[in-house]
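Below are the chains, spelled out letter by letter.
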Amino acid sequence: TTITNYKENTLFNYALLGLFIIFLGFFTTFKITGDDDVFWHLATGRLILQTGHIPSVDVFGFMTQGQEWMPFEWGWDILTYSLYSFSGYTGLSVLRTGLIIAVFLIFYILLTRFKISNTFSIFTLLVLAFGMIDRLTPRPHLISYLFFALLLWIICEYRYFNRGNRKILYFIPLIFLIWANMHMGIIAGGFLMVLFFISEYITTIYPVNNSAVKPISKNDLSFLFILLIISALLMLANPNFFQTYVYAYEHT
């Protein structure tokens, strides 16, 4: 009886997850855009590919022609225009849906790793989906959603499930390198890395008996500090270095 119930529950879990993915497919394809930023990003990507360089002044505006402009999301612009150039809006829609499904699958896997109820997990993710209904357009913030979810998954996997196994951490610099040229949401990733290191420092320097999270070695802690520095430096690996963040702050 126990085995039978387990199989039935597993089948139900897969069915519920499948329905949720189908829901995300419909949820993210009811419209291509609700704002003009999509077309601005496409035009910027086309300009960069045609001229071979990233502009430093505005070339689109009539009143703002020649004013300072840093397209710090240039990586996304090139990606989406390249996709659009041979697949049109269908390609953009597929990219948008794929990214959002990937984000929710990462969160689902993370909740599963912590043994959260499957039904409760799907319900929570459903609420989250409706919470971002106004942010479903194919714009570079989707990359921040994806990379933040990936970073959170990597950190939790290392801290709670594969303690002391550095291999999964090697993906973090690559994430920051790409993220630095896609969207300013990388700042949230930087804060997450700082919190990660602080938590590991406290766990290691001030260990608590019978804690679910075991301390790591001083050598591993030094490695995490180096990883934090590398991640911070890679945040500057963009055409305008630190000035990019100053400009983004002033723009905001």
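About the cut-offs
Along each chain, residue indices are assigned from 1 in the same order as the chain's sequence is written. The model is predicted, so local features are restricted to residues of pLDDT at least 70 and side-chain atom pairs to those at 80 or more, both for listing and for counting; the totals for chains, interfaces and linings are taken over all residues. Hydrogens are left out, water is left out, and the side-chain values use all remaining heavy atoms of the structure. Think of it this way: a Phe, Tyr or Trp ring, Trp meaning its six-membered ring, pairs with another when their centres are within 6.5 Å, and the plane angle makes it stacked under 30 degrees, edge-to-face over 60, tilted otherwise. Helix numbering and strand numbering both begin at the N terminus, where a helix is a DSSP run of H or I of at least 4 residues and a strand a DSSP run of E of at least 2. Here's how the labels work: a residue is buried when its accessible area is under 20% of the maximum for its type, exposed when over 50%, partly exposed in between, all with a 1.4 Å probe on protein chains only. For a lysine, the NZ atom is tested; for an arginine, the CZ atom; a charge sits over a ring if that atom is within 6 Å of the ring centre and within 35 degrees of the ring normal. Confidence of the predictor at the level of single residues is captured by pLDDT, which takes values from 0 to 100. Contact between two residues is taken to exist if any of their heavy atoms lie within 4.5 Å; hydrogens are not considered.

## A closer look at the packing of aromatic side chains
Evaluated as defined, the whole model comprises 20 aromatic pairs. Between F20 and F104 the ring centres are 5.7 Å apart and the planes differ by 70°, which places this aromatic pair in the edge-to-face class. In this pair, F20 is assigned in helix α1 (residues 2–27) and F104 in helix α3 (residues 74–113), connecting sequence segments 84 residues apart. Judged by its relative accessible area of 5%, F20 falls in the buried class. Three or more aromatic residues link up through ring pairs in this structure, and these residues are F20, F23, F27, F104 and F130. The residue whose ring lies beneath R113 is F161, and the NZ or CZ to ring-centre distance is 4.3 Å. It is R166 that lies over the ring of F223; its NZ or CZ is 4.4 Å from the centre.

## Digging into the confidence of the model for the protein chain
With 95% of its residues at a pLDDT of 70 or more, the protein chain shows a mean pLDDT of 90. Mean pLDDT across the elements of the protein chain ranges from a minimum in α1, with 78, to a maximum in helix α6 (residues 171–179), with 97. Low pLDDT, under 50, characterises residues 1–8; the stretch is placed with 0 contacts to residues that sit more than four places away or in other chains.

## A few points about unusual backbone geometry
The phi angle at K115 is positive, at roughly 60°, despite the residue not being glycine. In this structure, K115 sits in the loop between α3 and α4 (118–131). Overall, the relative accessible area of 74% leaves K115 in the exposed class. Positive phi, close to 60°, is recorded for N210, a residue that is not glycine.

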